[in-house]
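Okay, here's what each chain looks like letter by letter:
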Amino acid sequence: LFDGVYPFYPQQRKAAVFDISTIIVIVVFLALACSFLLIIPGIRGRARLFWTLRAVLSLFVGMVIVLVQFTGDWETGWVQANTSYKSFSPVQVNVDVGLHIGLAGVNVTLRGNPVTQINETINYNEHFAWSFGADYEHSYSQGLQKGLPSPILYVAEKFSRQSPCAVHGQYRIAGHYASAMLWVAFCTWIISNILFSMPVLVYGGYMLLLTGAFLIFSLLSFSTVRNSPMCPIQIGTRALQVAYGGSFWLVLAIGLLCFVVGITIVAIHHLNLDLLKTFFDLREDKAEEYQEMPGVFINPHFMSKGL
């Protein structure tokens, strides 16, 4: 063993929920947030609080839209069971089997209870991609050549193209359209921020409503996989059941938040425009605009001449 990895074949491990792509997205948006927060000391009055709230909320929405593209927990499921570890072997092991379904593929996790059993370390996490440009069958064939444990191959086979479950194409198309809707939502989010920086706040509210609509459309696209019944995944005597995961509910929460904020901005625009301009620091200071001179000195010589 070399650092816990067998040296005679490449092992591409991808974290079930967070991998290097999600970490990069988080770091980029945190850097943007820190750069904006450095400007806060130069803002005076109540505008400082309003500006901070707008910046943090907007960056959080944008980060979530990009982040869920790379997470693998749109659907998740766990089961603990006694099952065979290798094909054609009567040896039974007690393991936790996890299934994490994302937009671009599926992760199958196998963890022993305890981790060390039958003189082996049972701690696997294998990724099988089905996004456009990826070959799921090739990944599955590589798993067979590596000699992955039977539970992993069994679960991965359920999502293959040759499986009688026939869910491969559904998950692939649903994930593709959900990803497309998320990227469109990201574009509308950028446009809304541009409009909010200009004195056209109501159109920024409309774009936020459109952002929320595309986020909901992405959820509807992904949920179409539930139209057909899922094949039973039997691990030993237990069945592995999947349910919507954290990414799905996070997108739903952000979509509803965009709806609430967008509706609030549009409503305040029609009911109290000055309040909306105050929140976005666009209100003109009428006191200075119409301020009169405190004193006027008039030359009586010109006044006597009627000038």
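Note that this is a predicted model, so its numbers are computed, not measured.

## Considering the nonpolar core
In a soluble, globular protein the nonpolar side chains are often hidden away together inside.
Inference 1: One finds W74, L99 and F159 to be the most contacted residues of the largest nonpolar core, which totals 64 residues.
Inference 2: Contact partners of F159, with chain neighbours within four places excluded, come to L99, I101, W130, Y136, V167, H168, Y171 and M230.

## Considering the confidence of the model for the chain
Inference 1: Summing up the model confidence of the chain, the mean pLDDT is 82 and the portion of residues at 70 or higher is 83%.
Inference 2: Of all the helices and strands in the chain, helix α9 (residues 286-289) carries the lowest mean pLDDT, 40, while helix α6 (residues 201-223) carries the highest, 93.
Inference 3: Note that residues 7-12 has pLDDT below 50 and, in this model, 7 contacts with residues that lie over four places away or in other chains.

## Examining the layout of surface pockets
Take a probe with the size of a water molecule and roll it over the atoms, and the empty space left behind shows itself.
Inference 1: Taken as a whole, the largest pocket spans an internal volume of roughly 680 Å³.
Inference 2: Lining the largest pocket are 26 residues, and of these R54, A55, S58, F196 and F280 lie nearest its centre.
Inference 3: At the level of secondary structure, the elements contributing two or more residues to the lining of the largest pocket comprise α2 (47-67), α5 (168-196), α7 (246-271) and α8 (273-279).
Inference 4: With 8 residues, the single largest contributor to the lining of the largest pocket is α2.
Inference 5: Counted by class, the lining of the largest pocket contains 20 nonpolar, 5 polar and 1 charged residues.

## As for the packing of aromatic side chains
Inference 1: The full count for this structure, using the stated rule, is 15 aromatic pairs.
Inference 2: On the basis of an interplanar angle of 45° and a centroid distance of 5.9 Å, the ring pair of F128 and Y136 is categorised as tilted. Taken as a pair, F128 and Y136 share a single burial class, namely buried.
Inference 3: Each ring, one from F248 and one from W249, has its centre 5.3 Å from the other, and the planes form 85°; the classification is edge-to-face.

## Things to note about the environment of Y177
Inference 1: Mapped onto the fold, Y177 is located in helix α5.
Inference 2: For Y177, a relative accessible area of 46% puts it in the partly exposed group.

## Focus on the state of the cysteines
Inference 1: One pass over the structure, following the stated rule, counts 1 disulfide.
Inference 2: Here C165 connects covalently by a disulfide to C231, the sulfurs 2.2 Å from one another. Judged by the sign of its S-S torsion, about -125°, the cystine formed by C165 and C231 is left-handed. Here C165 is found in the loop between α4 (150-158) and α5, whereas its partner C231 is found in the loop between α6 and β5 (233-235), with 66 residues between them in sequence.
Inference 3: Classification of C165 by relative accessible area gives buried; the value is 11%.

## Some details on the sheet that holds strand β3 (residues 105-117)
Inference 1: With antiparallel pairing, 5 strands are arranged side by side in an open sheet as β4-β3-β2-β1-β7. Only two strands of the sheet have a single neighbouring strand rather than two, namely β4 (120-129) and β7 (243-244).
Inference 2: The pairing of strand β2 (residues 92-101) with β3 spans 7 bridges and is classified as antiparallel. Directly across from G98, in β3, lies its bridge partner T109.
Inference 3: Docked against the sheet, helix α3 (residues 136-146) engages β3 and β4, running at close to 160° with respect to β4.

## Some words on empty space enclosed by the protein
Inference 1: Scanning the model with the defined rule gives 1 cavity of 30 Å³ or more in all.
Inference 2: Estimated volume of the largest cavity: approximately 30 Å³.
Inference 3: In this structure, the largest cavity is lined by A33, F36, L37, W51, A55, V56 and L59.
Inference 4: Among the elements of the structure, α1 (20-37) and α2 are those that each provide at least two residues to the lining of the largest cavity.
Inference 5: A per-element tally of the lining of the largest cavity places α2 first, with 4 residues.
Inference 6: Split into classes, the residues belonging to the lining of the largest cavity amount to 7 nonpolar, no polar and no charged.

## A look at the UniProt feature "transmembrane region" (unreviewed entry) in the chain
Inference 1: In the numbering used here, UniProt assigns the "transmembrane region" (unreviewed entry) feature to residues 20-39, 51-70, 177-196, 203-222 and 242-268.
Inference 2: What you have in residues 20-39 is 90% helix and 0% strand, and the ends, taken at the C-alpha atoms, are 29 Å apart.
Inference 3: Annotated as residues 51-70, this span is 85% helix and 0% strand, and its ends, taken at the C-alpha atoms, are 30 Å apart.

## Regarding the packing of α3 against α4
Inference 1: At a minimum axis separation of 11 Å, α3 and α4 run at an interaxial angle of 165°. Relative to α4, the element α3 is oriented roughly antiparallel. Regarding α3 and α4, the two cross each other, and that crossing is left-handed. Along its contact with α3, which presents Y136, Y140, G143 and L144, the element α4 presents L153, A156 and E157.
Inference 2: By residue class, the composition of the contact of α3 with α4 is 5 nonpolar, 1 polar and 1 charged.

Rules behind the numbers
Counting starts from 1 at the beginning of each chain's written sequence and moves along it residue by residue. Per-residue local features of the predicted model are confined to residues with pLDDT of at least 70, and side-chain atom pairs are confined, for both listing and counting, to 80 or more; whole-chain, interface and lining totals are unaffected and use all residues. In computing side-chain values, all of the structure's heavy atoms are included and hydrogens and water are not. Buried residues of nine kinds, namely Ala, Val, Leu, Ile, Met, Phe, Trp, Tyr and Cys, make up a nonpolar core once their side-chain atoms join them within 4.5 Å. Classification of residues uses two cut-offs on accessible area relative to the type maximum, computed with a 1.4 Å probe and protein chains only: under 20% is buried, over 50% is exposed, and between them is partly exposed. Here, two residues are considered to be in contact whenever any of their heavy atoms come within 4.5 Å of each other. Residue-level confidence of the predictor, termed pLDDT, takes values from 0 up to 100. Secondary structure elements are taken from DSSP: a helix is a run of H or I of four residues or more, a strand is a run of E of two residues or more, and numbering for both begins at the N terminus. A cavity here means a set of 1 Å grid points, computed over protein atoms only, where a 1.4 Å probe fits but cannot escape. A pocket is an open set with protein on both sides within 12 Å along at least 5 of 7 lines, and lining residues have an atom within 4 Å of a point. Grid points are joined across faces, edges and corners, and a volume is the space filled by probe spheres set on the points. Amino acid classes used here: Ala, Val, Leu, Ile, Met, Phe, Trp, Tyr, Cys and Pro are nonpolar; Asp, Glu, Lys and Arg are charged; the rest, including Gly, are polar. Here a Phe, Tyr or Trp ring, Trp counted by its six-membered ring, pairs with any other such ring whose centre lies within 6.5 Å, and the pair is stacked when the planes are under 30 degrees apart, edge-to-face when over 60, and tilted otherwise. By definition, disulfides here are pairs of cysteine sulfur atoms that lie within 2.5 Å. Only strands joined by at least two bridges in the DSSP assignment are considered to pair. Between N-to-C directions, angles span 0 to 180 degrees; the directions come from axes that are lines fitted to C-alpha atoms, helices contributing only their stretch in contact. UniProt positions are given in the numbering used here, feature names are shortened, and annotations may be inferred rather than shown by experiment. In these notes the angle categories are as follows: under 35 degrees is roughly parallel, over 145 is roughly antiparallel, 65 to 115 is roughly perpendicular, and the rest is oblique. Should the near helix be turned anticlockwise from the far one by less than a right angle, the crossing is left-handed, and should it be turned clockwise, the crossing is right-handed.

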